[in-house]
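# Fold and contact review
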Amino acid sequence: MSALGTLDFKNVKKQYHVKGETLDVLDGINLHIKPGEFVSIVGSSGCGKSTLLRLAIGLDDDYQGDILLDGARIKGTSLKRGIVFQEHRLFPWLTVEQNVGLALENSTLSSNERAKTIAEHLELVGLKGFEKAYPYQLSGGMSQRVAIARGLVNRPEILLLDEPFGALDALTRANLQNELQRIWQTEGITMILVTHDVEEAVLLGDRVVIMEPRPGRIKRTVEVDVPHPRQRADLRLAAIKDDVLSEFGHEHDTALQPAAEGFGFKDYLFAW
Amino acid sequence: MSAFKTRLQALGQRDFRGLVLPLGLILAWYLISKFNLANSAILASPYEVWKEGYGQISSGAFALDLVHSVSRNLGGFVVGGTAGLILGSLLGVSRWADRLISPSFNTIKSIAIFAWIPLISVWFGMGEPAKIIFIAIAAFYPTTINTYEGIRSVHRDHVEVARVFEFSRWQLFRKVILPSASPQIITGIQLALIYSWLATIGAEYFLKSGHGIANSMIDGREHFNMGSVLFGVVVVGVVGAIVNQLAFKLEKHLLGWRNRTA
Amino acid sequence: MSTAITLNQSDIPAEVSAKRPSQWRQKTGQKLQQILWALVLPLLVLGLWQITSAHEWVSPQILPPPSLVWQTLTELWQSGDLTSNLQISVERVAYGFGVGTVVGLLLGALMGLSKTVEAYLFPTFKALSQIPALGWIPLLIMVVGIGESMKILVIAKAALVPVTVNTLQGIRNIPPQFAEVAKVYRFNTRQLLAKVVIPAALPSLFTGIRYGLTHAWLALVTVELLASSEGIGFLMVWGRQLFQLDLVLATVVIIGAVGLLIDQSLQWLETHFLKWRRVAF
């Protein structure tokens, strides 16, 4: 497979400014990801692992340090980098194939080629026959399959996965983890998976990066030296999982959730 | 002193762009009337409106109108709102009542409320009872609909919790259904306030008797007193806005537990 | 590309599979039962009303029998008075609603797409919209007279407010997650509008138009009652002045029927054109 898809984080630091206070979200992140590698990032909530992905996809440019794809500093979003979000983010007014086609809006493919590659990718994620279905007809697992197809369809060099199976039930999740492993082997592209599920991280990753919060830092990196395709019941994986789990202390959430701010349209009633 | 300073700072940070348009319009209005660019009988100057308003306020005529309008507004609102709460709860709680009454209610509801005015005037005359009945109808619809829908959309999960704890029917209504329907019931009450104010103006237009804000607007129009009409428009808007504001304060107070965007 | 894998049975939701005919029969039965229940109350009221007036417990001047109302209704239809007056009313609604909707869509879209425009316009718009159309009538009569333009302006104002508010709301409430998807795939402004903003705002836009038309009809009835010499509202006033309550009641029926027709047809349109909306948002 191609040698493209090297991702480098160099001294990445990210701060939020809330009401005059500065909050360190990420500090001193250094990470080198090889082409075709599968890297899992685990950590408790608030360790900045999802923020790291937002920086890598280019939805947030406000950080210090460098993120380089194949040696070039990333700027904004790019079709070279794909992403699968935790919520599937399918557009409810489009069918499955139209949703996948969104990713090809700005590709140079002809409409025939587009249709062909969409069909291929829907087949890859096991959704052949559901092309004309609307998102409301899909289960959570199927929606996430569509989202994966959408992330892959324009053949990015790197696919970022932000807790893609976090909202699914255990059986569907296990099923999709196996699928993802197969897809990654088929496509041979670089993948970075952010998750809070240690078993998932160990099962899929060539390396598991463990992060810790306040500020978000890399605590340790664990090599998973087990050849693919892997079996869930592999004892070597179980040992690595225990090792990774030992890094997590007992942290408790101490802060209340702040109320979300909305545009107060409910306040707007009127007579004719 | 420092409190004053922070207040001043807060004032400086407020968004004043919204004031540009109204101030501009008032300036244009002032200039047009000052240089007689339009028929002065049609366009009263801001000063004339001010003079008219000041005259009405100092003579006590304004207070008399306002008291009449607001009290019949509240009277109709209370009657119609209470009836709406009762019917809405009944339809929401009882399947039988829902099947029997809801279709008729929805059909009657689609008759524009002002179409009832001629009938009301025949059946109840032009006096205060007729006006209050009309205002009550206006307040009745939104409270009924929103109470009904609020109760209907109570989460099954929450009802199941009540069943696990063996709540009585009254406890179920009081502790589960009412609180979880309350956001929508309050929306219904807010709408009822808005519509009853609209109906108050309408009742005073159509059932011309006694005092009221809209009565004096009609008088103003008949005597070609533009200042009086414009003053009336402003008062109608201001009273409506105050009523709304009070309703939202009430909602905030009662529904602090609800994350508004959730 | 590898071969496709089989789906879990649990992965396929029930809606995809077809409904069985026995279910359909059960549904029709339920529907029929619902209709029968719904008819009980109206029939009871009509019966009581007919008996009351047949025995002249109430003067027919105050409450004419339903049969007389029906007779008046058919006479109105046969003489053509109904159609001619209704036509005038419908034309007024069409003009007023048309003007109000076009202006409302523009205003709502401008404020929705630009925070700056919103900052300048929205406070004034909100303040003015709080004054009901009814409050403007005496002023409008003085400025533009009692003719057609006054009526159309009042109707347009009634339609304008919900259309504007819902357009603005529809655009503002588009989930930011969707905008991020558009950014990931590098949509330009045109693609963002065509693929995200318009379809996402469409349900809200439709709601606005629905309220707009309903409000326009309500405003029409009011304005015709207040000042007009033709139209369905005028027919009502005329009946009131001649103390022909049968005519008044007949027009009440017509006004209700048109209101119902507007509401139902718009609901039907909404469910048919926005079928993806079922559980979205």
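What you see is a predicted model; the values in this text were computed from it and never measured. (Residues numbered from 1 in each chain as written. Chains lettered and ligands numbered in written order. Predicted model: local features only at pLDDT ≥ 70, side-chain atom pairs only at ≥ 80, totals over all residues.)

## Here's the deal with the overall build of chain B
For chain B, the count of helices and strands is eleven helices and zero strands. Secondary structure elements of chain B occur, N-terminal to C-terminal, as α-α-α-α-α-α-α-α-α-α-α. Rg of the C-alpha trace for chain B: 24 Å, well past the compact-globule value of 18 Å for 262 residues, more than 25% over. Its C-alpha atoms give chain B principal-axis dimensions of roughly 75 × 65 × 30 Å. Partitioning the contacts of chain B with sequence separation of at least 6, the portion at a separation of at least 24 is 75%. (Helix = DSSP H or I, 4+ residues; strand = E, 2+ residues; numbered from the N terminus. Rg over C-alpha atoms; globule rule 2.2 N^0.38 Å. Contact = placed C-beta atoms within 7 Å.)

## As for the overall build of chain A
If you tally the helices and strands in chain A, you get seven helices and ten strands. Scaling as 2.2 N^0.38, a compact globule of 272 residues should have a C-alpha radius of gyration of about 19 Å, and chain A matches this with 20 Å. Its C-alpha atoms put chain A at 65 × 50 × 40 Å along the principal axes.

## Topic: the sheet that holds strand S2 (residues 21-33) of chain A
Residues and elements named next belong to chain A. The strand order across the open sheet built from four strands is S2-S1-S4-S5, with neighbouring strands paired in antiparallel fashion. The sheet is open, and its two borders are formed by S2 and strand S5 (72-73), each paired with just one other strand. As judged from the two bridges shared by strand S4 (residues 64-69) and S5, these two strands associate in the antiparallel manner. Within S5, the position partnered with Leu68 by the bridge is Arg73. (Pairing = 2+ DSSP bridges.)

## Things to note about helix H3 (residues 46-59) of chain B
In an α-helix, one turn spans 3.6 residues, which is why side chains three or four residues apart end up on the same side. Residue and element names in this part refer to chain B. Compared with the 20 Å implied by 1.5 Å per residue over 14 residues, the 20 Å span of H3 between its first and last C-alpha is a close match. Looking only at H3, the buried set comprises Val49, Glu52 and Gln56. For H3, the angular spread of buried residues about the axis comes to 65°, placing them on one side. In H3, the exposed positions angled more than 90 degrees off the buried face are occupied by Tyr47, Tyr54 and Ser58. Those residues of H3 that are buried are in contact with helix H4 (61-93) and helix H11 (226-254). Immediately beyond the C-terminal end of H3, within one or two residues, lies Gly60, with a positive phi of roughly 90°. (Expected span 1.5 Å × (residues − 1). Buried ≥ 20, exposed ≤ 12 C-beta atoms within 10 Å, placed from the backbone. Arc of directions from axis to C-beta.)

## Some words on the domain arrangement of chain A
Residue and element names in this part refer to chain A. Each assigned domain of chain A is listed here: domain 1 (1-80 + 156-249) and domain 2 (92-155). In this structure, domain 1 and domain 2 have C-alpha centres spaced 24 Å apart. Contact residues are listed per partner, giving twelve residues for domain 1 and eleven residues for domain 2. In terms of residue count, the dominant contributor to the side of domain 1 that touches domain 2 is helix H5 (residues 170-187) (five residues). Looking at the side of domain 1 that touches domain 2 residue by residue, the class counts come to nine nonpolar, one polar and two charged. (Domains from an automatic or database assignment. Nonpolar A, V, L, I, M, F, W, Y, C, P; charged D, E, K, R; others polar.)

## Comments concerning the sheet that holds strand S9 (residues 207-212) of chain A
Residue and element names in this part refer to chain A. Reading across from one edge, S6-S7-S8-S3-S9-S10 is the order of the six strands in this open sheet, with mixed pairing throughout. Edge positions in the sheet fall to strand S6 (81-84) and strand S10 (217-223), since each of these pairs with one other strand and no more. Averaged over neighbouring strand pairs, the angle between their axes works out to 20° when direction is ignored. Across five bridges, strand S7 (residues 158-162) lies against strand S8 (residues 190-195) in parallel orientation. Bridged to Leu159 within S8 is Met191. Strands in contact with helix H1 (residues 49-57) are strand S3 (38-42), S6, S7, S8 and S9; relative to S7, the strand with the most contacts, it is inclined by about 150°. Its contacts with the sheet put helix H4 (residues 140-152) on S6 and S7, and the angle it makes with S6 is roughly 175°. (Axes fitted to C-alpha atoms, helices over the stretch in contact; angles between N-to-C directions.)

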